[in-house]
Amino acid sequence: MREYVLAAASRGIAVRIHTIGDRAIHEAISIFREAKSLYGKPKQGANTLEHLENLLPQDIAALAEIGLIASVQPQHIVIDITQPDRDLGSQRAQFMWPFASYERQGVTMAFGTDAPCVPPCAATVLS
């Protein structure tokens, strides 16, 4: 992944990396930090972490610092409301989708539907 991102960055091309889980997110942030230090920001668009879920609190500041977009799907919250607590434990589950923390720390968010993986009716539950 590092080679792909650095090759794109050397040409000014923005990249999206699908990241779910703290290690994937942390590694992607590290790669994008290196790309930015070597080549600056992309000429068009912005580097993005797609499906950003289950990260560590300390990585939010890095998202803002590097200018990464957090592409999130809020309707994932209602697919199975017991899943995060069951799979991650109650402490980690509290930080599964930290939208307010992103906003407080200046992280740009992009919201998507994740269709057709998530039925459109899941989005109506949030309204």
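Below: a short report on this structure. Residue positions are given per chain, counted from 1 along the sequence in the order it is written. It should be noted that, the model being predicted, local features are given only for residues of pLDDT at least 70 and side-chain atom pairs only at 80 or more, the latter also being counted only at that level, while totals for whole chains, interfaces and linings use all residues. Side-chain metrics in this entry use all non-hydrogen atoms of the structure; hydrogen atoms and water are not considered.

1. Some remarks on the overall build of the protein chain
Threshold: Starting at the N terminus, helices and strands are each numbered in turn, a helix being any DSSP run of H or I of at least four residues and a strand any DSSP run of E of at least two. The quantity called the radius of gyration is restricted to C-alpha atoms. Its globule counterpart is 2.2 Å times the number of residues to the power 0.38. Type-normalised accessible area, obtained with a 1.4 Å probe on protein chains alone, sets the label of each residue: buried when under 20%, exposed when over 50%, and partly exposed for intermediate values.
On a plain count of helices and strands, the protein chain comes out with seven helices and four strands. Going from the N terminus to the C terminus, the protein chain shows its helices and strands as α-β-α-β-α-β-α-α-α-β-α. Computed over C-alpha atoms, the radius of gyration of the protein chain comes to 15 Å, within 12% of the 14 Å expected from 2.2 N^0.38 for 127 residues, which places it in the range of a compact globule. Overall size of the protein chain, expressed as C-alpha extent along the three principal axes, is 40 × 30 × 25 Å. Relative to its full complement of 127 residues, the protein chain shows a buried share of 41%.

2. Concerning the packing of aromatic side chains
Here is the rule: Between rings of Phe, Tyr and Trp, where Trp is taken as its six-membered ring, a pair exists when centres lie within 6.5 Å; planes separated by under 30 degrees are stacked, by over 60 edge-to-face, and by other angles tilted.
Considering all chains together, one arrives at one aromatic pair under this definition. For the pair Phe-99 and Phe-111, a centre-to-centre distance of 6.1 Å together with 70 degrees between the ring planes defines the contact as edge-to-face. Of this pair, Phe-99 sits in helix H6 (residues 99–105) while Phe-111 sits in strand S4 (residues 108–111), and the two are 12 residues apart along the sequence.

3. Re the layout of surface pockets
Going by this rule: For each structure, a 1 Å grid was placed over the protein atoms alone; sets of points admitting a 1.4 Å probe that cannot get out are labelled cavities, open sets with protein on both sides within 12 Å along at least five of seven lines are labelled pockets, and lining residues have an atom within 4 Å of a point. Grid points are joined across faces, edges and corners, and a volume is the space filled by probe spheres set on the points. Any residue that is not Ala, Val, Leu, Ile, Met, Phe, Trp, Tyr, Cys, Pro, Asp, Glu, Lys or Arg is counted as polar, Gly included; the first ten are nonpolar and the last four charged.
Put simply, the largest pocket is a space of about 160 Å³. Contributing to the lining of the largest pocket are 14 residues, with Lys-41, Pro-42, Asn-47, Ile-66 and Gly-67 lying nearest its centre. With three residues, the top contributor of residues to the lining of the largest pocket is helix H2 (residues 22–39). Classifying every residue of the lining of the largest pocket by side-chain character gives eight nonpolar, four polar and two charged.

Function cannot be read off these values alone, since they describe shape.
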